[in-house]
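Residue-level structural notes
Residues per chain are reported as follows:
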Amino acid sequence: MDTSQLLKGVLDLAVLAVLRTEDGYGYDVLRRLRQTGLDDVGDASVYGTLRRLYNAGLLTSYVVPSEEGPHRKYYSVNEPGLAKLDESSKIWRSFADTMNNLLREAA
Amino acid sequence: MADIGTDTAVASYLASVRTALTDLPATEVGEILDDIGPHVAEVAAELGPDDQPGRLHERLGTPEQYAAELRAAAGYPPRVDAPPAAAATRQHTQLRLALWLLAAATVPMPLFAMLAGGEEFVLWGVLATLTAGLSLYLAVRAPGGIAAMAELSEIRWLRDRNPGGVVAEYGRLFQPGWWLVRAGVAATVIVLLVDGRSVLAILLLMVPLALGSAWVGRRSQADRRLLWVVLPLNAFAFAFGLYILSQGAIGTIGYAGYNGPSSGPPTPQFGNVYPYDSNGKPLTGVYLYDENGRPITSEYSLSYCTPPGRVLVPANQYPQPEYEHDYGTGECVVRSVVPVPPTLPSAQSATSVPSGPSATSVPTSPDASTTALPGAPPAAPTTTK
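Keep in mind it's a predicted model, so treat the numbers as computed, not measured.

Concerning the overall build of chain A
Broken down by element type, chain A carries 4 helices and 3 strands. Listed N to C, the secondary structure of chain A is α-β-α-α-β-β-α in terms of helices and strands. Within chain A, the fraction of its 107 residues that count as buried is 39%. A sequence separation of at least 24 residues applies to 45% of the contacts in chain A between residues at least 6 apart. Surface exposure of chain A reaches about 6300 Å², of which carbon and sulfur atoms provide 54%.

Next comes the structure, spelled out in structure tokens:
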């Protein structure tokens, strides 16, 4: 099964979860998502998702100068972002439980 | 680490992404590039210096694909393609110009022609023909052609004000009648141009013209290009119809241009002159002069109608013979004149109630009795020339 299709629906949740653990800049978020096993996540999709969450008021950003190369723009989850993450987590768990039950019955 | 080749490849890649996002607000594009700039640079550094552009594309996709994926994930509106939009603007400008040129040939030009009349009518007609021709050329050459004209805001505005095609319905109702009127005007124009004034000829000409008019009317509903001919022509036909009506009788139209003040002796605004002597006896062969000795001529000297064997009389000899156009035969005949019976100045004892020249025919020969010349003429009139 192509996980990239599944990812589309939960990328918001994944990005919020990664950023709650620790603030990060774009490539950093991407790398951490891949490290957790989401190999199919697209580079541009992550950046697009960051911009959408930011524009929705769920993230704040700040710039950290870098000694080598260009400065980096870090994102962090704010209060509305945390609330959103909480809510989305519940929906996800309920959804995953439903799917798990369904698949167990079918097995 | 980052050598010149890497920087160039990264800059080029980012520039292409930026181009693909130009429809977004500039600040948003700036934020996006702040995010992806370091990312693309790091990816490029990881890939190593060999064949940077090719490997970047392999790893990240083309800049356009990258931008599209980012756009989808960020929930931006789909791209409004800038280059086609520019082409559409040019197309609209061209079609709009064509539309207004056609409108100019259809509304103000016939109006000006009608107001000016005479020879200027023809000039406005020529100008309108050129204008409509240019308009048709622009409309046909525009991308999308005439059909794309329906998308102009002006046309849509008109359509919005015509719900359910009410105007079109009424148009259909009056169309056959208009086709007939238009044929009548065309027949009149043709008959006037060949210098005839026969109503019979006009009626005969109307038959084929009405058929042709109806055919063009039907065709123009199928082939919209004919609109460029039909609309201005209709307007000019309408204007000419009104012009003819405003000129009164058909017969006078040919000389409409000469009615204005002309050089030479002043032409008084009266028709014929019927002199009487103190006894109320009608006089003939009277010559009129003004205080400067110039002959006083009337409009009858400009009579258009020349009967066979017409004898020319001096333009200031009164009463002038009157001719008229017999619409039955198409010939010129001497007109029967019954002028208003004069009421002579009251100092006159009522010797006899003057009966005006209730003549059924007025003498046409110049050598008619020159009984009374009231006062000496300033110069001896030369009679027949």
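Examining empty space enclosed by the protein
Over the atoms rolls a probe the size of a water molecule, and in doing so it shows where empty space is left. By the definition in use, this model includes 2 cavities of 30 Å³ or more. Empty space within the largest cavity amounts to approximately 40 Å³. Around the largest cavity sit Y25(A), G26(A), Y27(A), Y47(A), K73(A), D34(B), D35(B), P38(B) and H39(B), which together line it. Tallying contributions element by element places helix α2 (residues 26-47) of chain B first for the lining of the largest cavity, with 4 residues. Here the lining of the largest cavity is composed, by residue class, of 4 nonpolar, 2 polar and 3 charged.

Description of the interface of chain A and chain B
Facing 20 residues of chain A, the contacting portion of chain B comprises 20 residues. The contact between chain A and chain B buries some 1700 Å² in all, and 49% of this surface belongs to carbon and sulfur atoms. Of all residues in chain A, Y27(A), Y47(A) and R51(A) bury the most surface against chain B, accounting for 33% of the area lost on that side. Remark: the boundary between chain A and chain B carries 7 salt bridges. Linking R31(A) and E42(B) is a salt bridge whose minimum nitrogen-to-oxygen distance equals 3.5 Å. Inspection of the region where chain A meets chain B yields 14 residue pairs in polar contact (both at pLDDT 80 or more). Every element with two or more residues in the side of chain A that touches chain B is listed here: α2 (26-35), α3 (43-55) and β3 (72-77) of chain A. Top element by residues in the side of chain A that touches chain B is α3(A). It accounts for 9 residues.

Examining the confidence of the model for chain B
All names here are of chain B. In this model, chain B carries an average pLDDT of 73, and 70% of its residues clear a pLDDT of 70 or more. Confidence drops under a pLDDT of 50 for residues 251-264, and excluding neighbours within four residues, the segment shows 12 contacts in the predicted structure. Segment residues 356-378 is flagged for pLDDT under 50; beyond a separation of four residues in sequence, or across chains, it makes 46 contacts in the model. Predicted complex metrics record ipTM = 0.87 and pTM = 0.40.

About the criteria used
Residues numbered from 1 in each chain as written. Chains lettered and ligands numbered in written order. Predicted model: local features only at pLDDT ≥ 70, side-chain atom pairs only at ≥ 80, totals over all residues. Heavy atoms only, no water. Helix = DSSP H or I, 4+ residues; strand = E, 2+ residues; numbered from the N terminus. Buried < 20%, exposed > 50% of the residue type's maximum accessible area, 1.4 Å probe, protein only. Contact = heavy atoms within 4.5 Å. Areas by Shrake-Rupley, 256 points an atom, 1.4 Å probe, with all protein chains shown as cover. 1 Å grid on protein atoms, 1.4 Å probe; cavity = no way out; pocket = protein on both sides within 12 Å on 5 of 7 lines; lining within 4 Å. Points joined across faces, edges and corners; volume = space filled by probe spheres on them. Nonpolar A, V, L, I, M, F, W, Y, C, P; charged D, E, K, R; others polar. Buried area = accessible area lost by both parts, 1.4 Å probe. Salt bridge = Lys/Arg side-chain N within 4 Å of Asp/Glu carboxyl O. Polar contact = N/O pair within 3.5 Å; in protein donor to acceptor, adjacent residues only side chain to side chain. pLDDT = per-residue confidence, 0-100.

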